[in-house]
Amino acid sequence: MTVIAVIPARYGSTRFPGKPLHEIAGVPMVERVRRLAAAAPSIDRVIVATDDARILAAVEGFGGEAVMTPESCRNGTERAFEAVKDFAKPDDVIVNLQGDAPLTPPWVVDAAAAAMKADPALKLATPAVALSEDALDKLSEAKRRGEVGGTTVVFDKAMNALYFSKAIIPFKRENTGLPIYKHIGLYAYRFDTLSELVKLDPSPLELTESLEQLRALENGIPIRVVLTEYRGRTPYSVDSPRDAEVAADIIAREGEIL
């Protein structure tokens, strides 16, 4: 079993063209994500999957591995599959790591990968964190303002996901002390599961919530939720040049992760 982290990196973002190559505190974003993935102990290999020769050249210039994938890939899941389909074995683990999340700590990446290595029966794993009261208040306020960012998850006693939502779930009619868990958008797939997923049509709940992971649940593919912590680090996703400035400010304040 080999654990391969794949970082989809598309050049032509509508809102932020060339985003993977945008420097954050002097380092291109795609290189930051690649280094974080490589630092996760359970990861054996890191591949950047791109559609642009400029990104390929930049990654190789830093000594990393990159492959060209078709421009026709509709999402990061399809791009991750294209990157490994010619050599991955059925029981290999493919970790799909978002290329616009340059502050994801290696131990968060490792949580999902390590769970898959520890249990060969797992088909798919993804991390989540329990929200503090302050973090929950901030998420609730953002939702009231109409922001769609931030996905929550509920799971059964075996830690298998029951549902993911852009709404805050569960609704707290009674205060039982049950935490709200925020989903972290990275996935560890068994390669044969990834192969199955990319063949499936988008599902009704997936289209309604715009959450691709619901396709797996609607088709009976279990998702193991792995709890982790940020250990005082601030996560952040970059969707605009302004977001890149915020990420750089966080690094200046908290220091480099590596």
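Structure: see above.
Residues numbered from 1 in each chain as written. Predicted model: local features only at pLDDT ≥ 70, side-chain atom pairs only at ≥ 80, totals over all residues. Heavy atoms only, no water.

Draft legend 1. Main features of helix α2 (residues 53-61). Within α2 the residues assigned to the buried category are Ile55, Leu56 and Val59. For α2, the buried positions fall inside an angular range of 100 degrees around the axis, keeping them on one side. For α2, the exposed residues lying more than 90 degrees away from the buried face are Ala53 and Gly61. Next to the buried residues of α2 lie β1 (3-9), α1 (29-38), β4 (45-50) and β5 (65-68). Sitting at the head of α2, aspartate 52 places a side-chain oxygen 2.8 Å from the backbone nitrogen of arginine 54. Downstream of α2 by a residue or two, glycine 63 has a phi angle that is positive, lying close to 85 degrees. (Buried < 20%, exposed > 50% of the residue type's maximum accessible area, 1.4 Å probe, protein only. Helix = DSSP H or I, 4+ residues; strand = E, 2+ residues; numbered from the N terminus. Arc of directions from axis to C-beta. Contact = heavy atoms within 4.5 Å. Polar contact = N/O pair within 3.5 Å; in protein donor to acceptor, adjacent residues only side chain to side chain.)

Draft legend 2. How the structure looks around unusual backbone geometry. Isoleucine 169 connects to proline 170 through a cis peptide bond whose omega is 0 degrees. In this fold, proline 170 is placed in the loop between β9 (161-165) and β10 (181-183). If you check the backbone angles, methionine 159 has positive phi at about 70 degrees while not being a glycine. Its place among the elements puts methionine 159 in the loop between β8 (152-155) and β9. In this structure, arginine 231 takes a positive phi of about 55 degrees despite not being glycine.

Draft legend 3. Quick peek at the pairing of β8. As paired strands, β8 and β9 are joined by 4 bridges and run antiparallel to one another. The partner of valine 154 across the bridge, within β9, is tyrosine 163. Where β8 and β10 come together, 2 bridges link them in antiparallel fashion. What sits directly across from valine 153, in β10, is tyrosine 181. (Pairing = 2+ DSSP bridges.)

Draft legend 4. Spotlight on the packing of aromatic side chains. With the rule as written, the count across this model stands at 3 aromatic pairs. Arginine 45 extends its terminal NZ or CZ atom over the ring of phenylalanine 87, reaching a point 4.5 Å from the ring centre. In this arrangement the basic side chain of arginine 54 is found over the ring face of tyrosine 11, its NZ or CZ atom lying 3.8 Å from the centre. (Phe/Tyr/Trp six-rings, centres within 6.5 Å; stacked < 30°, edge-to-face > 60°. Lys NZ or Arg CZ within 6 Å of the ring centre and 35° of its normal.)

Draft legend 5. Molecular detail of the nonpolar core. Of all hydrophobic cores here, the largest spans 33 residues; its most connected members are Ile7, Ile43, Val48, Val95, Leu97, Val109 and Leu186. With residues up to four places along the chain from it excluded, the contact list for isoleucine 43 reads Val3, Ala5, Ala37, Val95, Val109, Asp110 and Ala113. Formed by 29 residues, the second largest nonpolar core is a distinct cluster that contains Ile4, Ile47, Ala80 and Tyr189. (Core = buried A, V, L, I, M, F, W, Y, C linked by side-chain atoms within 4.5 Å.)

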